Amino acid sequence: MDIPKPKPGSTISASKMAETGQDIRMAANFLKEGKLVAIPTETVYGLAGNALNPAAVAAIFETKNRPSFDPLIIHISGIGQVEKYTEDFPKPLQKLAEKFWPGPLTLLLTRKNIIPDLVTSGLDRVAVRVPDHELILELLASLDFPLAAPSANPFGYISPTTAGHVDAQLGKNIPYILDGGPCKVGLESTIVGMEGEEVIIYRLGGLEIAEIESVVGKVKIKDQSSSNPQAPGLLESHYAPRKPFILGNLDVLIPDFQSRKVDFAVLSFNRVIQEIPVERRFCLSTKFDLKEAAANLFAGMRQLDESDAEVILAELMPESGLGRAINDRLKRAAAKD
Ligand code: TXA
Ligand code: MG
């Protein structure tokens, strides 16, 4: 097997400059001025701006270096806000919102014209969610507009799950980071919409399929290839470290890379690989717990990306529960551009 080259791009840690704290008033004032603020959610940190202000939305795309064909999620304070921004609320999706909001669930709903084209990349539907974090809920309640917020990472890189992750990469471009501690879920929200009578999952995420099916019955999971125009953001190579990321059976990969004399790091599910130096290994959950593994995933990928190893070796999780969403992220991290 050839070892792929590191991905081009800026260094992992840029200079840290944003003010960080828990001052909701300060965050609200920046947002009212059209500026961007990093916000905590239960899934990952978001890079937030006034969703109704096209200039603020444009600044989000620019700051993240994100292509404008990749639409944004709007964050609202409660289910009662949905009708302000969308035309209709199909019954199955309403039931999901009642059960799982606030939580890691994003719904695709037909938008009203009040939502700028830039937010939805011109699509008819807007992605909406109520995040589950005290600080962001309090912030949203103090604003009279929703917050458009993608994950607060440079486009294509690993999503941030702490304020420090955000600061390391976007700190010099934003005035404030609202610090809500480490994200509890650690995977982005599950994206759900409807096609005709059918409930469709467009992105696997922090809310398990089984939970969704317990409310609306069998759902369909849409192929998440880059050619899928319904969810243009789901590009193949995503959530990716800069170092080559190689996925496979660790019992085969480790001896193979040892014999080639390549410095490697290892991301394992539940095994602690003692023979490897501490700074080059990360075990996601010694308890074999997929929730814990999800919460640790992006921090683990970052830590190993910042190590002095040349490549990262990793293994898939069991394909059940959150394991499916974790495996989706691992496969995208391993995909070549
Ligand atoms: O958990 C999350 O969802 C986090 C936190 C910050 O809320 N946000 C997040 O945003 O993951 P982002 O921008 O990294 O991913 C949003 C994805 C887009 O890449 C796109 O695929 C999908 O949501 N999306 C948004 N609007 C859409 C639309 N109108 N139609 C189809 N897909 C849409
Ligand atoms: Mg993202």
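Novice: So what exactly am I meant to see when it comes to the overall build of the protein here?
Specialist: The secondary structure content of the protein amounts to 11 helices and 15 strands. Relative to the compact-globule value of 20 Å for 337 residues, the protein shows a C-alpha radius of gyration of 20 Å, a close match. Across the 337 residues in the protein, those meeting the buried criterion constitute 56%. The long-range fraction of contacts in the protein, counting pairs at least 24 apart against all pairs at least 6 apart in sequence, stands at 67%.

Novice: Looking at this model, I keep getting lost on the domain arrangement of the protein. Mind explaining?
Specialist: By a widely used convention, the size of an interface equals the accessible area lost when the partners come together. Taken domain by domain, the protein comprises domain 1 (19-188) and domain 2 (245-334). When each unit is reduced to the centre of its C-alpha atoms, the spacing between domain 1 and domain 2 is 29 Å. In this complex, domain 1 contributes 15 residues to the contact, which on the side of domain 2 involves 12 residues. Here domain 1 and domain 2 share an interface that buries about 1100 Å² over both sides, 58% of which is from carbon and sulfur atoms. If you look at where domain 1 meets domain 2, you find 1 salt bridge. We note a salt bridge from Glu188 to Arg329, for which the minimum N-O separation is 2.9 Å. Between domain 1 and domain 2 we count 5 residue pairs in polar contact (both at pLDDT 80 or more) in total. Residue composition of the side of domain 1 that touches domain 2, by class: 7 nonpolar, 6 polar and 2 charged.

Novice: Would you mind going over the environment of Gly122 with me for this structure?
Specialist: Summarising the element assignment, Gly122 is placed in the loop between helix 5 (117-120) and strand 6 (125-129). Under the relative-accessibility criterion, Gly122 is labelled partly exposed at 44%. Counting along the chain gives 51 residues from Gly122 to Pro71, while the straight-line C-alpha distance between them is 8.3 Å. With residues up to four places along the chain from it excluded, the contact list for Gly122 reads Arg111 and Asp117.

Scoring rules and cut-offs
- Residues numbered from 1 in each chain as written.
- Chains lettered and ligands numbered in written order.
- Predicted model: local features only at pLDDT ≥ 70, side-chain atom pairs only at ≥ 80, totals over all residues.
- Heavy atoms only, no water.
- Helix = DSSP H or I, 4+ residues; strand = E, 2+ residues; numbered from the N terminus.
- Rg over C-alpha atoms; globule rule 2.2 N^0.38 Å.
- Buried < 20%, exposed > 50% of the residue type's maximum accessible area, 1.4 Å probe, protein only.
- Contact = heavy atoms within 4.5 Å.
- Domains from an automatic or database assignment.
- Buried area = accessible area lost by both parts, 1.4 Å probe.
- Salt bridge = Lys/Arg side-chain N within 4 Å of Asp/Glu carboxyl O.
- Polar contact = N/O pair within 3.5 Å; in protein donor to acceptor, adjacent residues only side chain to side chain.
- Nonpolar A, V, L, I, M, F, W, Y, C, P; charged D, E, K, R; others polar.

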